[in-house]
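Each chain, written out:
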Amino acid sequence: MKKAIAITAAVAITAAMLIMHSRSPFGKSNSEFHATPEKEITRIELSQGNERLTLEKSAGVWLINGQTEARRGAVNFIIRILTEAKIKSPVSPEIFKAEITDREAEPVAVKVYEGRKMLKSIMVYKTASNTYGNIMKVKKSTKPFIVHVPGYETNIGPAFNIKPQFWQPHAIFNMLPSEISSIRFENMHDTAASFSIVKKEKTYTLHGNAGQLAGYDPELVIRYVSYFTFIPFESWAFDMPDADRMRLAASSPLYKITVISSEGTRT
């Protein structure tokens, strides 16, 4: 009888230890920020106030709101965050009040899916109060934490961006030579240096302000047209102050480049 009681007690203690060992010190349901898909994440929904954005994988391609193809690098990064996110440290009620509540900072609500199954739902609060630039909660009513990706010791908050432009490819021009009908380069301060390249059938001709030019190198013209296969920009200036934005819009450009496609689209 005593032996049976001892075995039962040992089993109970072992079970209790296993349960305690598997628990998060803050409560797993309130402090686990990473998603664990069986195969892969297929949809990410971001919302803030009245704004909504969906990233969804369709036929092997990630689409923005079901329309425009998304930057693969940006999608890969947010998937890395959503599958590897760990707690860096808890956030005290005083800090949360000062940095979030008092400033009326609205979180980005994030929902992560695999197929129709929702894997994870979290709230991301962006703040400049710490090196990592973000505070997260599983729900509005749960405890806040500073969350990071181990091995990536920088701010992960900007990855949760609800602006469609952020997710689009960083390309000003992205056209093959066969897709280009004409290119116009305007030097706004030295108009004599302006020129146009026009495609006639399969040949490109070079034009100045007074008409077609002679004596130019056709190979250099073809090389110039090939540059427009991919001309990227570094990033969107979402955080530019309104005063700087207005001053820039009111200023005169140095150059103006216009490309017209074979279908008549002007960029």
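Scope of this entry: the structure provided in the associated data block. (Residues numbered from 1 in each chain as written. Predicted model: local features only at pLDDT ≥ 70, side-chain atom pairs only at ≥ 80, totals over all residues. Heavy atoms only, no water.)

Some words on the overall build of the protein
- From N to C terminus, the protein includes seven helices and 16 strands.
- For the protein, with 267 residues in total, the buried portion stands at 33%.
- Sequence-distant contacts, at least 24 apart, represent 60% of the contacts inside the protein between residues at least 6 apart.
- Carbon together with sulfur atoms contributes 56% to the accessible area of the protein, which is approximately 17,000 Å² in total. (Helix = DSSP H or I, 4+ residues; strand = E, 2+ residues; numbered from the N terminus. Buried < 20%, exposed > 50% of the residue type's maximum accessible area, 1.4 Å probe, protein only. Contact = heavy atoms within 4.5 Å. Areas by Shrake-Rupley, 256 points an atom, 1.4 Å probe, with all protein chains shown as cover.)

What to know about the nonpolar core
- In this structure, Ile44, Leu46, Leu82, Val110, Phe160 and Trp167 are the most contacted members of the largest nonpolar core, which totals 34 residues.
- Elements with a minimum of two residues in this core: strand 1 (43–48), strand 2 (51–58), strand 3 (61–64), helix 3 (72–84), strand 6 (108–114), strand 7 (117–126), strand 9 (145–148) and helix 5 (164–167).
- A total of six residues in this core trace back to one element, the largest contributor, which is helix 3.
- Excluding anything up to four places from it in sequence, Trp167 contacts Leu46, Leu53, Leu55, Ile64, Glu69, Ala70, Arg71, Ala74, Val75, Ile78, Ala159 and Asn161.
- In this structure, Phe173, Phe185, Ile197 and Val221 belong to the second largest nonpolar core, which totals 14 residues. (Core = buried A, V, L, I, M, F, W, Y, C linked by side-chain atoms within 4.5 Å.)

What about the packing of aromatic side chains?
- Tallied over the entire structure, the rule returns 12 aromatic pairs.
- Considering the side-chain rings of Phe185 and Phe195, the 5.3 Å spacing of their centres and the 20 degrees angle between planes classify their relative orientation as stacked. Here Phe185, found in strand 11 (residues 180–187), pairs with Phe195, found in strand 12 (residues 195–200); they are 10 residues apart in sequence, far enough to count as distant.
- Among the aromatic residues, ring-to-ring pairing joins Phe173, Phe185, Phe195, Tyr224, Tyr227, Phe228 and Tyr255 into one connected group.
- Sitting over the face of the ring of Tyr113, Arg43 holds its NZ or CZ atom 3.9 Å from the ring centroid.
- When the ring centre of Phe166 is taken as reference, the NZ or CZ atom of Arg71 above it lies at 5.2 Å. (Phe/Tyr/Trp six-rings, centres within 6.5 Å; stacked < 30°, edge-to-face > 60°. Lys NZ or Arg CZ within 6 Å of the ring centre and 35° of its normal.)

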